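Summary of structural features
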Amino acid sequence: MDKNLSLLQETELFRGLSEAQVRKIFAIGRKVDFPADATIMTEGDIGDTMYIIGAGTVEVVKTLVLAGVEEEEGLEKNKVFTRLGAEQHAVFGEIALLEEAKRTATIRAITDVSLYEIRKDAFLRLAGDDPALGYRIMYNLARIVSARLRKADEDTIKLTTALSLILKETAG
């Protein structure tokens, strides 16, 4: 079996799909390669593609300062939140399948990477042609986004707790 097809079958987003359904997804995507240090997507840009990592490692970078806020010396403006690799069957950019919105993070290649790219328009056509397949992918996507939202909520609680403690100490 083709390595890229096998990659899709092992991806959380395509869990529960038959081999025939995964082959349909495979048919609408394409393999793309980026060299180490390349920026694959930029936070704030409008996106219409999602990617699955086939080989290599990327980092997820978020801006920590609101636009228009002056950067203080020593204050880190961007932070690497995580690294994603092929061994995790990682998917990124999947929000682009749901809506036309700004990218929520910058993705940079740490090593040379091979990605499998799926465009929103091709995905929506496929989902319209095969509603059962579209439903399963959207269900899996909802689970992934829900887990990420839960983690973001936990991180927000940690940050607000730390900020409260710092403010309490400086006020006292």
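Here we summarise the structure given alongside this text.

Thresholds, definitions, all that
- Residues numbered from 1 in each chain as written.
- Predicted model: local features only at pLDDT ≥ 70, side-chain atom pairs only at ≥ 80, totals over all residues.
- Heavy atoms only, no water.
- Helix = DSSP H or I, 4+ residues; strand = E, 2+ residues; numbered from the N terminus.
- Buried < 20%, exposed > 50% of the residue type's maximum accessible area, 1.4 Å probe, protein only.
- Contact = heavy atoms within 4.5 Å.
- Areas by Shrake-Rupley, 256 points an atom, 1.4 Å probe, with all protein chains shown as cover.
- Pairing = 2+ DSSP bridges.
- Arc of directions from axis to C-beta.
- Phe/Tyr/Trp six-rings, centres within 6.5 Å; stacked < 30°, edge-to-face > 60°.

**Considering the overall build of the protein**
Looking only at helices and strands, the protein has 4 helices and 8 strands in total. Listing each helix as α and each strand as β along the protein from the N terminus yields α-α-β-β-β-β-β-β-β-β-α-α. Here the protein holds 172 residues, and 34% of them are scored as buried. Taking the contacts inside the protein whose residues are at least 6 apart along the sequence as the reference set, 78% of them involve residues at least 24 apart. Surface summary for the protein: the accessible area is close to 10,600 Å², and the carbon and sulfur share equals 54%.

**Observations regarding the pairing of strand β3 (residues 49-55)**
Most of β3 is tucked away, with 5 of its 7 residues classed as buried. Sheet topology places β3 next to strand β8 (residues 113-119); 6 bridges connect them, and they run antiparallel. Looking across to β8, one finds that Y51 is bridged to E117. With 2 bridges connecting them, β3 and strand β6 (residues 91-92) associate as antiparallel partners. Counterpart to I52 in the pairing with β6 is V91.

**Observations concerning helix α3 (residues 120-129)**
Within α3 the residues assigned to the buried category are K120, A122, F123, L126 and A127. For α3, the buried positions fall inside an angular range of 160° around the axis, keeping them on one side. Residues R125, G128 and D129 are exposed on α3 and point more than 90 degrees away from its buried face.

**Topic: unusual backbone geometry**
Only a minority of non-glycine residues have a phi that is not negative, and only a minority of peptide bonds are not trans. Phi at D37 is positive, roughly 75°, even though this residue is not glycine. Among the structural elements, D37 can be located in the loop between β1 (30-34) and β2 (39-41). A relative accessible area of 66% places D37 in the exposed class. Located in the positive-phi region is H89, a residue other than glycine, with phi close to 55°. Examined against the element boundaries, H89 turns out to sit in the loop between β5 (78-85) and β6. Note on H89: relative accessible area 24%, which makes it partly exposed.

**Looking at the packing of aromatic side chains**
Within a pair of aromatic rings, the relevant descriptors are the distance that separates the centres and the angle that separates the planes. Per the stated rule, a full pass over the model turns up 3 aromatic pairs. Arranged with centres 5.6 Å apart and planes meeting at 5°, the rings of F26 and Y116 form a pair that is stacked. Highlighted residues: F26 in helix α2 (residues 19-28) and Y116 in strand β8, separated in sequence by 90 residues. What makes F26 partly exposed here is its relative accessible area of 27%. With relative accessibility at 2%, the residue Y116 sits in the buried group.

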